[in-house]
Amino acid sequence: MRTVEVSNHTSLAEYSDRFHLEGHVRTLEEEAKQLLPSLSGRKVWMINAAESGGGVAEMMPKLVSILRELGIEVEWVVIESERPEFFGLTKRIHNLIHDAGDPGFSAEDRALYEAVNEENARALERMMSPRDFIVAHDPQPCAMGAILKERTGAPAIWRSHIGLDRATPRTRSAWEFLRPWIEAYDRVVFSVPEYVPPFLADRSSIIHPGIDPLSPKNAEISPRRVQSILCSGQLALQHSPMLHPLFEHPALRLSAEGKWERATEAEEIGFLFRPIITQISRWDRLKGWEPLMDAFVRMKSSSRTGPDGLHNRCLDIIRLVLAGPDPASVADDPEGKDLLEELTRRWLDLDPRLQRDIAILTLPMASREENALMVNAIQRCSTIVVQNSIEEGFGLTVSEAMWKRLTVIGSSAAGIRQQIRDGVDGILIPDAENTTEIATILDRALANPALRGHLSGNAQRKVHENFLVFTQVRAWLRVLHSVLTPLVDVTLSPPDASHTGASEA
Ligand code: UDP
């Protein structure tokens, strides 16, 4: 187990200086004033499995730093193990909760899971007081939090960022595995009400994830800065002197020889010129990479019979960008490398013309900030951002793109349905594995700029009202408070209405 340092880049006062965020900060501070007394003198231990890669690691620094600024002592620790099979096992639990993989666990699985959690719990127990609060995130440290609660008597919350809107033999098998530990917790938090398994109905709360509107990943950036980030990450060639230096670690692109090379080889992707469809995610089968690539191939290969010359030209020059983290950098996701290899094989089988039109990119994670800037710039260059997840706990990438006022096309996975209303703030794909359907939806959206404008405006409003970090922190304050003082109502009122709906981008 190790502690993760968090530095706060943006204070609440700085958010408040932005007219469209001021109401959010005021509402948060007012609520905090009422709820904080019950939390004083208690340290909150946030425990998860990775400090980078994926949605939980994305949200944690901001959650921790805002809670600290409000006056709560918070520490972030990451569960560790020298046994890679532990993360293989927890990834299997993760997949089963999303109805994928082989159900059933052996006595050895249970022994491994317990041993790693026990070892980590022992290390943290030495640093804890019974007044502290334990908040364990996702299956990896679930037993660790339960063990700590039992030994120290500290109140404990288990936060599941994953779930499925139906019960299947696979999901049941995962929940049965975790059940003895989850039942030890005072409260369990899910992102979506449909995820709550029946045995937890009496102790669940719902918290929607939220994004940081001023982070390097989401802040508004000028066209010049977009261009300079692309050049710094070697995603585009530099044609003029630039203020900022090259990033130490460039993005890499799969080449026709099956090697990872500079993304500008053998020709530029054309981020600033061509229409671009993008998906950025972890390299996980459940993110629906392969059907998306197949759908793009289908759309590109379809005959151009329509009368709209501009649309036909769009289909000719459009490119698909599939980007994810360097798979070596995401400690708790051992399957990433295999999936990327599979996708690579599929891509290498494509006609060279299609290979040129589909860029598979790995974005280095050595610097979180540089990685975030690249995600920001790539999304802002996209005509459409897709999140074609077969299953999705929430899908922060959706809110990240909606906040940037982009057209987002998402699958109908439960997490994404929370964010996108079909035809209102984006478009939903009914079946993430139906390539014909995906191709048709992409084609129609590309042919209709007016629709895209309408959807993307609503998308930003939706995130402003529901999925910014301030709303998430308010929900956390209520849940923490209510565990100490049961019977309190944890329903959230909307943020200060006079400030909702304003937009910056
Ligand atoms: N992400 C990133 N760099 C990448 C790929 C993904 O920073 O190369 C981020 C992405 O922007 C999002 C998070 O990883 O913030 C993924 O979270 P999401 O909830 O979409 O899915 P999860 O990975 O948690 O399943």
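Residues numbered from 1 in each chain as written. Predicted model: local features only at pLDDT ≥ 70, side-chain atom pairs only at ≥ 80, totals over all residues. Heavy atoms only, no water.

Engineer: Go over the pattern of salt bridges, please, and point to the residues and values.
Structural biologist: Counted under the stated rule, the structure contains 36 salt bridges. Ionic pairing is found between arginine 2 and glutamate 51, a salt bridge with its closest N-O pair at 2.5 Å. Of this pair, arginine 2 sits in strand β1 (residues 2-4) while glutamate 51 is found in the loop between β2 (43-48) and α3 (55-69), placing the two residues 49 residues apart along the sequence. For glutamate 51, a relative accessible area of 30% puts it in the partly exposed group. Through salt bridges with shared partners, a single network forms among Asp99, Asp165, Arg166, Arg170, Glu391 and Arg417. (Salt bridge = Lys/Arg side-chain N within 4 Å of Asp/Glu carboxyl O. Helix = DSSP H or I, 4+ residues; strand = E, 2+ residues; numbered from the N terminus. Buried < 20%, exposed > 50% of the residue type's maximum accessible area, 1.4 Å probe, protein only.)

Engineer: An account of the site of the ligand is requested, with residue identities and associated values reported.
Structural biologist: In the vicinity of the ligand there are 18 residues, among which Gly55, Lys217, Arg282, Lys287 and Glu400 approach most closely. Contact distances for the ligand include 2.8 Å between an oxygen atom and a backbone N or O atom of leucine 396. Protein chains bury 92% of the 540 Å² of accessible surface belonging to the ligand in isolation. At the level of elements, α3, β11 (319-325), α13 (368-380) and α14 (396-403) are the ones that each hand at least two residues to the shell around the ligand. Take the shell around the ligand: its biggest share by element is three residues, from α14. Split into classes, the residues belonging to the shell around the ligand amount to five nonpolar, seven polar and six charged. (Near = heavy atom within 4 Å. Polar contact = N/O pair within 3.5 Å; in protein donor to acceptor, adjacent residues only side chain to side chain. Areas by Shrake-Rupley, 256 points an atom, 1.4 Å probe, with all protein chains shown as cover. Nonpolar A, V, L, I, M, F, W, Y, C, P; charged D, E, K, R; others polar.)

Engineer: I'd like a rundown of the sheet that holds strand β9 (residues 260-262), residues and numbers included.
Structural biologist: The strand order across the open sheet formed by eight strands is β9-β8-β12-β11-β10-β13-β14-β15, and the pairing between neighbours is mixed. This sheet does not close on itself; its edge strands, each paired only once, are β9 and β15 (427-429). Neighbouring strand axes in the sheet, compared pairwise and without regard to direction, differ in orientation by 30 degrees on average. The pairing of strand β10 (residues 276-280) with strand β13 (residues 384-387) spans two bridges and is parallel. Across the sheet, the residue bridging to isoleucine 277 is isoleucine 384, located in β13. Contacts between α13 and the sheet are confined to β10, β11, β12 (358-363) and β13, with β12 contributing the most and set at about 155 degrees to the helix. (Pairing = 2+ DSSP bridges. Axes fitted to C-alpha atoms, helices over the stretch in contact; angles between N-to-C directions. Contact = heavy atoms within 4.5 Å.)

Engineer: Explain helix α4 (residues 84-97) residue by residue, including any values.
Structural biologist: Along its 14 residues, α4 runs 20 Å from first to last C-alpha, staying within 8% of the 20 Å computed at 1.5 Å per residue. Counting buried residues along α4, 10 of its 14 residues qualify, which places the element largely inside the surrounding structure. Among the residues of α4, Phe86, Phe87, Leu89, Thr90, Lys91, Ile93, His94, Asn95, Leu96 and Ile97 are the ones counted as buried. Buried residues along α4 sit against α5 (107-125) and α7 (169-182). Just downstream of α4 lies aspartate 99, where phi reads positive at about 60 degrees. (Expected span 1.5 Å × (residues − 1).)

Engineer: Could you give me a rundown of the pairing of β11, with the residues and numbers involved?
Structural biologist: In terms of burial, β11 is largely enclosed, as seven of its seven residues are buried. Of the strand pairs in this sheet, β11 and β12 are connected by six bridges, and their pairing is parallel. Counted as the bridge partner of glycine 324 is threonine 362 from β12.

Engineer: Now, about the nonpolar core: what can you tell me, with residues and values included?
Structural biologist: Generally speaking, soluble globular proteins have nonpolar side chains that are buried together. The biggest cluster of nonpolar side chains holds 57 residues, and the ones touching the most others in it are Met46, Leu70, Ile157, Phe470, Val473 and Leu477. Considering each element in turn, this core owes the most residues, nine residues, to helix α18 (residues 469-484). When residues no more than four places from it in sequence are discounted, the contact partners of phenylalanine 470 are Leu12, Tyr15, Leu21, His24, Val25, Leu28, Ile66 and Pro213. Core analysis: the next-biggest nonpolar cluster, separate from the first, contains 44 residues, Leu124, Ile162, Phe199 and Ala414 among them. (Core = buried A, V, L, I, M, F, W, Y, C linked by side-chain atoms within 4.5 Å.)

Engineer: Any details on the sheet that holds strand β4 (residues 133-137)? Residues and values, ideally.
Structural biologist: Read across the sheet, seven strands follow the order β1-β3-β2-β4-β5-β6-β7 without closing on themselves; strand pairing throughout is mixed. Of all the strands in the sheet, the pair left with one neighbour each is β1 and β7 (204-206). Going from strand to strand, the sheet's axes swing by 25 degrees on average, the running direction of each strand aside. Inspection of the sheet shows β4 paired to strand β5 (residues 156-159) by four bridges, in the parallel sense. When the sheet's bridge partners are listed, isoleucine 134 is paired in β5 with alanine 156. In the packing of α18 onto the sheet, contacts are made with β4, β5, β6 (187-190) and β7, and the angle to β4 comes to roughly 130 degrees.

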